[in-house]
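Okay, here's what each chain looks like letter by letter:
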Amino acid sequence: MTTMFKVGYFVGSLSSTSINRKLAAALVRLRHSGFEMAEISFRDLPLYSPDYDADYPPVARAFKQAIADVDAILFVTPEYNRAIPGALKNAIDWASRPWGQNSFTRKPSAVIGASIGAIGTAVAQQNLRSVLSFCNSPQMNAPEAYIHFTPGLISDDGEVANDSTREFLSEYMSEFHRFVARVYTALPRDE
Ligand code: FNR
């Protein structure tokens, strides 16, 4: 029987026409039988400051709780100026604090992204991987997924026009499921 895991996904873009939101919709639409998927939104978080550490505002508490409630995190992000968008970094900073309450510790993650550029967010993903390493999140190493987004590739509701891309995304999710299962085999959640 397939083990069921809850996955919270972050869409790194705040754009109303985000191609990464379309990519996230495509991943959800694949309906992997071992995943229950829900977005973790960070759009309403203020800019993080350590001044908040003594008493996080309700929006940040809810955000951290949403991460606590899932087994794994999937980052679907654009590349901005060869790095991750500031809004996503801000969200990660909120999640990583207060000191000693880092939401990402031992929480498995995977990274994927779409770009209109040919290298498909490769540099942003390296940037994100370095942040996640520091945050002690076990990361899926492979397959890497750099989606070069061409017009019409994925519809707003996640329909993928191209068979090979759909198959690749499906295999990506299957491999992510195997990865999450391995992490929890090696490191049970409550230890
Ligand atoms: C970009 N874009 C971009 N693309 C890329 O491949 N590498 C990059 O470094 C950048 N830098 C960048 C900076 C800023 C501020 C913007 C607004 C855009 C283009 C980017 O791939 C394109 O806008 C995508 O549509 C962004 O993804 P979303 O927001 O549509 O999901």
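Report on the accompanying structure.

### Some words on the overall build of the protein chain
In terms of regular secondary structure, the protein chain is built from five helices and five strands. Order of helices (α) and strands (β) in the protein chain, N terminus to C terminus: β-α-β-α-β-α-β-α-β-α. The C-alpha atoms of the protein chain give 16 Å as radius of gyration, which agrees with the globular expectation for 191 residues (16 Å, within 12%). Across the 191 residues that make up the protein chain, the buried fraction comes to 49%. Of the contacts formed within the protein chain by residues at least 6 apart in sequence, a portion of 79% connects residues at least 24 apart. As displayed, the protein chain offers around 9700 Å² of accessible surface, 51% of which is attributable to carbon and sulfur atoms. Considering the protein chain, the positive charge centre built from 18 side chains and the negative charge centre built from 20 side chains are found 1 Å apart.

### Re the pairing of strand β1 (residues 5-11)
Along β1, six of the seven residues are buried, which leaves the element largely enclosed by surrounding structure. Across five bridges, the pairing between β1 and strand β2 (residues 35-39) is parallel. Across the sheet, residue Lys-6 finds its bridge partner in β2, namely Glu-36. Note: β1 against strand β3 (residues 72-76), five bridges, orientation parallel. Looking across to β3, one finds that Tyr-9 is bridged to Leu-74.

### Considerations on the environment of Trp-94
Note that Trp-94 resides in helix α3 (residues 86-96). Apart from the residues lying within four places of it in its own chain, the contact partners of Trp-94 are Leu-45, Pro-46, Leu-47, Tyr-48, Tyr-52, Tyr-56, Pro-57, Ala-60, Phe-63 and Lys-64.

### Looking at the side chain of Ser-103
As for its position among the elements, Ser-103 is in the loop between α3 and β4 (109-115). Accessibility expressed as a relative area gives 13% for Ser-103, which makes it buried. At 2.9 Å, the side chain of Ser-103 and the side chain of Lys-64 are in polar contact.

### Points about the site of the ligand
Neighbouring the ligand are Ser-13, Ser-15, Ser-18, Ile-19, Asn-20, Pro-78, Glu-79, Tyr-80, Asn-81, Arg-82, Ser-115 and Ile-116. Between the ligand and Asn-20 there is a distance of 2.8 Å, counted from an oxygen atom to a side-chain nitrogen or oxygen. The backbone of Arg-82 places a nitrogen or oxygen atom 2.8 Å from an oxygen atom of the ligand. Its free accessible area being 620 Å², the ligand has 70% of it covered by the protein chains.

### Some details on α3
The set of residues buried in α3 consists of Leu-88, Asn-90, Ala-91, Ile-92, Trp-94, Ala-95 and Ser-96. For α3, the elements touching its buried residues are β1, α2 (58-68), β3 and α4 (122-134).

### A short note on the pattern of salt bridges
Applying the stated criterion to the full structure yields ten salt bridges. For Arg-29, the salt bridge identified is with Glu-159, shortest N-O distance 3.7 Å. Pair noted here: Arg-29 is in helix α1 (residues 19-29) and Glu-159 is in the loop between β5 (146-148) and α5 (163-186), with a separation of 130 residues, a long-range link. Arg-166 is paired through a salt bridge with Asp-163; the nearest N and O atoms lie 3.1 Å apart. Of the two residues, Arg-166 and Asp-163 both sit in helix α5, three residues apart, roughly one turn of that helix.

What counts and how
Residues numbered from 1 in each chain as written. Predicted model: local features only at pLDDT ≥ 70, side-chain atom pairs only at ≥ 80, totals over all residues. Heavy atoms only, no water. Helix = DSSP H or I, 4+ residues; strand = E, 2+ residues; numbered from the N terminus. Rg over C-alpha atoms; globule rule 2.2 N^0.38 Å. Buried < 20%, exposed > 50% of the residue type's maximum accessible area, 1.4 Å probe, protein only. Contact = heavy atoms within 4.5 Å. Areas by Shrake-Rupley, 256 points an atom, 1.4 Å probe, with all protein chains shown as cover. Lys, Arg positive; Asp, Glu negative; His and termini not counted. Charge placed at Lys NZ, Arg CZ, Asp CG, Glu CD. Pairing = 2+ DSSP bridges. Polar contact = N/O pair within 3.5 Å; in protein donor to acceptor, adjacent residues only side chain to side chain. Near = heavy atom within 4 Å. Salt bridge = Lys/Arg side-chain N within 4 Å of Asp/Glu carboxyl O.

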